[in-house]
Structures are given as C-alpha cells and as structure tokens.
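Report on the structure
If you want the building blocks of each chain, they are given just below.
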Amino acid sequence: MSVPAPLRLAILISGRGSNMLAIARACTTGSIAASVSLVIADRADAGGVTSAAQLGIPTAVVQRSTARDAAAFEAALIATLEAQRPDVIALAGFMRILSAGFVNRFLGRMFNIHPSLLPAYRGLHTHRRVLAAREPQHGASVHFVTPELDGGPVVLQSRVAVAPLDTEATLSARVQATEHIIYPQVLAWFAQRRLAWRDGAAWLDGTRLATPVVEDFNAPA
Ligand code: GAR
C-alpha cells in the first residue's frame, strides 16, 4: 500500500497555543503525517507565536483592529493562508467567528477544538457553565468547521468526570490535557486519509460517523 504524502498544516491561534504545540510535537514525532507550514495568530501578543517561532515554524500575525474591518481581516487571513497552500487547517483556540464565505472556502479540511461535549455548551465560558449546571461530565470536541458556530460534525470527544471540588481552573486544566491527545489524533486520522468529509458528514474508515467517537478519560489508569 502506498504511503500518503505528508500534509501541509496551518494552525490558527489567539492565545497560549498549547494545542498548537501538542499538534506540532505530534508532527515532529511522526504521529501526524503532516508538517506545520504556518502558525497564524490574530493577536500580536499571543504567546503561541513565540513558542512556534522557537520551534522554527513560520509564523504570521493577522490582526483585526476594528469591528468594521471583518471583510478586510478575512481577506488578509485568506491571502496569508493560501500563500502557504495548506492541505488542512486547525483552529486551536482561535477566538474569532469566521464568515460562511471563509468557512466554505476550506470546508472539509478545517477543524476546530471546543471545550465541551458538543452539541452541549456551544460558545464561551464552557467550564464555568458546566460547573454552574452541576453537570456530572464534561469534555472537549474536535469537529469539522461549518458555517454554524461550534455546529460542524464532531469526530472525536474526550470525556472527563466533574469532581465535587472542581473549580473552573482545575476543570479546564483537566479538559485541556485531554485536548492535547484528541486533537492530534483527529489530525493523524485525516493525514492518513482514514478521516474524510463527504456529503456534509464525517467519515472514519469508510463509515459515516452518526455519533462522535468518544474517548473516556474517567477510567482509572
Ligand atoms: C483551548 O482549551 C480550546 O478548547 C479553547 O481555547 C483554548 C485554547 O488554548 N477553544 C475555544 O474556547 C473555542 N471556542 P491553547 O491556546 O492553549 O490551545
């Protein structure tokens, strides 16, 4: 069987970039058959830009300075991305809502990670809202990006138990540790051509995913 060519991966971040680093590490070790060709941040002070540069990954900052320049921001983002000809794009803590035009341009090859068990808790402050609702379980979801915010087909979810003494900080740290496992896993499947987008759905190993694959992190090690 022939080995698929490594993919060119672009990662979009807004902050610390811990998911970006987990993905970059998995590319370096060969767990993901891809190379990170570019990290783009929408903020000059995003810590992940420095971390990526230290790894020798090309970086770019594309800022959106005013509320009115959404179209100009996306045009700049597209130009920066397309100059690198990415095969796949990972939104990793990229805190901007992208237009349908932008999303459709990369439909089927753009992923996002969201800190909740989607479709529950779309949007912001998920850990706080999960604690307030006294949910027994929480987690993170990796999904194909579609124009519906946090609404694209979910490929893989991590599930953790919410502990009685959890705070927003402890819960988010525990969920984030699982993000660093499931996001590289999904990108590895995509790079191996095991995961594909077809007819508006996610397909894994030739089977349409009616529900996401769930990885349970509750079980004792
Ligand atoms: C991640 O925990 C990710 O789930 C979340 O931002 C964090 C970024 O952390 N994403 C969202 O909330 C998207 N709605 P990182 O910069 O350390 O990867």
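Please refer to the structure higher up on the page.
Everything quoted here is computed from the prediction, not taken from an experiment. Positions within a chain are numbered from 1, following the residues in the order the chain's sequence is written. Residues qualify for local features only when their pLDDT is at least 70, as the model is predicted, and side-chain atom pairs are given and counted only at 80 or more; totals for whole chains, interfaces and linings, by contrast, use all residues. Calculation of side-chain values draws on the structure's entire complement of heavy atoms; hydrogens and water are dropped beforehand.

**Section: the overall build of the protein**
We count a stretch as a helix when DSSP gives it H or I for four or more residues in a row; a strand needs E for two or more, and each element gets its number in order from the N terminus. Per the secondary structure count, the protein includes six helices and eleven strands. Relative to the 2.2 N^0.38 estimate, which gives 17 Å for 221 residues, the radius of gyration of the protein is 17 Å and therefore close to what a compact globule would have. On the principal axes, the C-alpha backbone points of the protein span a range of 50 × 50 × 35 Å. Any two residues whose heavy atoms approach within 4.5 Å are treated as being in contact. Restricting the contact set of the protein to residue pairs at least 6 apart, pairs at least 24 apart contribute 64%. A total accessible area of about 10800 Å² is found for the protein, and carbon and sulfur atoms account for 56% of it. Each charge class in the protein was averaged separately, 20 positive and 16 negative side chains, and the resulting centres sit 2 Å apart. Just to be clear, the radius of gyration here is over C-alpha atoms, and the globule rule we use is 2.2 Å times residues to the power 0.38. All accessible-area figures derive from a Shrake-Rupley calculation using a 1.4 Å probe, and residue coverage is judged against the displayed protein chains alone. Residues scored as positive are Lys and Arg, those scored as negative are Asp and Glu, and His as well as the terminal groups of each chain are ignored. Just so you know, the charge point we use is NZ for Lys, CZ for Arg, CG for Asp and CD for Glu.

**Comments concerning the sheet that holds strand E8 (residues 195-198)**
Strand pairing is assigned whenever DSSP identifies at least 2 bridges connecting the two strands. The strand order across the open sheet formed by three strands is E8-E9-E10, and the pairing between neighbours is antiparallel. On the outer flanks of this sheet lie E8 and strand E10 (207-208), each paired with one strand and no other.

**Examining the site of the ligand**
Whether a residue is near a molecule or strand is decided by its heavy atoms; if any one of them lies within 4 Å of it, the residue is near. As a matter of local geometry, the ligand sits amid Arg-16, Gly-17, Ser-18, Asn-19, Gly-93, Met-95, Ile-113, His-114, Pro-115, Gln-176 and Glu-179. Whenever two N or O atoms come within 3.5 Å, that pair is a polar contact, provided that in protein one can donate a hydrogen and the other can accept it, and provided that, for residues adjacent in sequence, both atoms are side-chain atoms. Asn-19 places a polar main-chain atom, nitrogen or oxygen, 2.9 Å from an oxygen atom of the ligand. Within the side chain of His-114, one N or O atom sits 3.4 Å away from a nitrogen atom of the ligand. Taken atom by atom, the bulk of the ligand overlaps the largest pocket. Charged means Asp, Glu, Lys or Arg here, nonpolar means Ala, Val, Leu, Ile, Met, Phe, Trp, Tyr, Cys or Pro, and polar covers whatever is left, Gly included. Residue composition of the shell around the ligand, grouped by class: three nonpolar, six polar and two charged. Residues are said to line a cavity or pocket when one of their atoms sits within 4 Å of a point; the points come from a 1 Å grid over protein atoms alone, cavities being sets where a 1.4 Å probe fits but cannot get out and pockets being open sets with protein on both sides within 12 Å along at least five of seven lines. Grid points define the cavity or pocket, and a molecule sits in it when more than half of its atoms lie within 2 Å of them.

**With respect to the environment of Thr-178**
Note that Thr-178 resides in helix H6 (residues 168-191). Only protein chains enter the accessibility calculation, which uses a 1.4 Å probe; a residue is then buried when its area is under 20% of its type maximum, exposed when over 50%, and partly exposed in between. The class for Thr-178 is buried, based on a relative accessible area of 4%. With 97 residues separating them along the chain, Thr-178 and Leu-81 place their C-alpha atoms 28 Å apart. In contact with Thr-178, other than residues within four places in its own chain, are Ser-158, Val-160 and Phe-217.

**Considering the pattern of salt bridges**
Salt bridge, as applied in this entry: a Lys or Arg side-chain nitrogen positioned within 4 Å of an Asp or Glu carboxyl oxygen. In total, this model carries nine salt bridges according to the counting rule given. Measuring nitrogen to oxygen at the nearest pair gives 2.9 Å for the salt bridge that ties Arg-43 to Asp-45. The class of Arg-43 is partly exposed, set by a relative accessible area of 39%. Taking relative accessible area as the criterion, Asp-45 reaches 55% and is therefore assigned exposed. Of the charged contacts, one joins Glu-82 and Arg-105 as a salt bridge, the two residues approaching to 3.0 Å between their closest N and O atoms. Highlighted residues: Glu-82 in helix H3 (residues 70-82) and Arg-105 in helix H4 (residues 100-105), separated in sequence by 23 residues. Here Glu-82 falls in the partly exposed class, since its relative accessible area comes to 34%. A relative accessible area of 44% places Arg-105 in the partly exposed class.

**Considerations on H6**
When the terminal C-alpha atoms of H6 are compared, their 34 Å separation across 24 residues agrees well with the 34 Å that a helix rising 1.5 Å per residue should span. Bend is computed residue by residue as the angle between axes fitted to the seven residues ending at the residue and the seven residues starting at it. Of all the bends found along H6, the most pronounced is centred on Glu-179 and spans about 25°. Positive phi appears at Arg-193, one or two residues downstream of H6, with a value of about 65°. Between the first and last residue of a helix there are one fewer steps than residues, each counted as 1.5 Å, and that sum is the expected span.

**Topic: the layout of surface pockets**
A volume near 1000 Å³ is recorded for the largest pocket. At the level of elements, helix H1 (18-29), strand E5 (110-114), helix H5 (126-132) and H6 are the ones that each hand at least two residues to the lining of the largest pocket. Broken down by class, the residue content of the lining of the largest pocket amounts to 14 nonpolar, 18 polar and six charged. Grid points are joined across faces, edges and corners, and a volume is the space filled by probe spheres set on the points.

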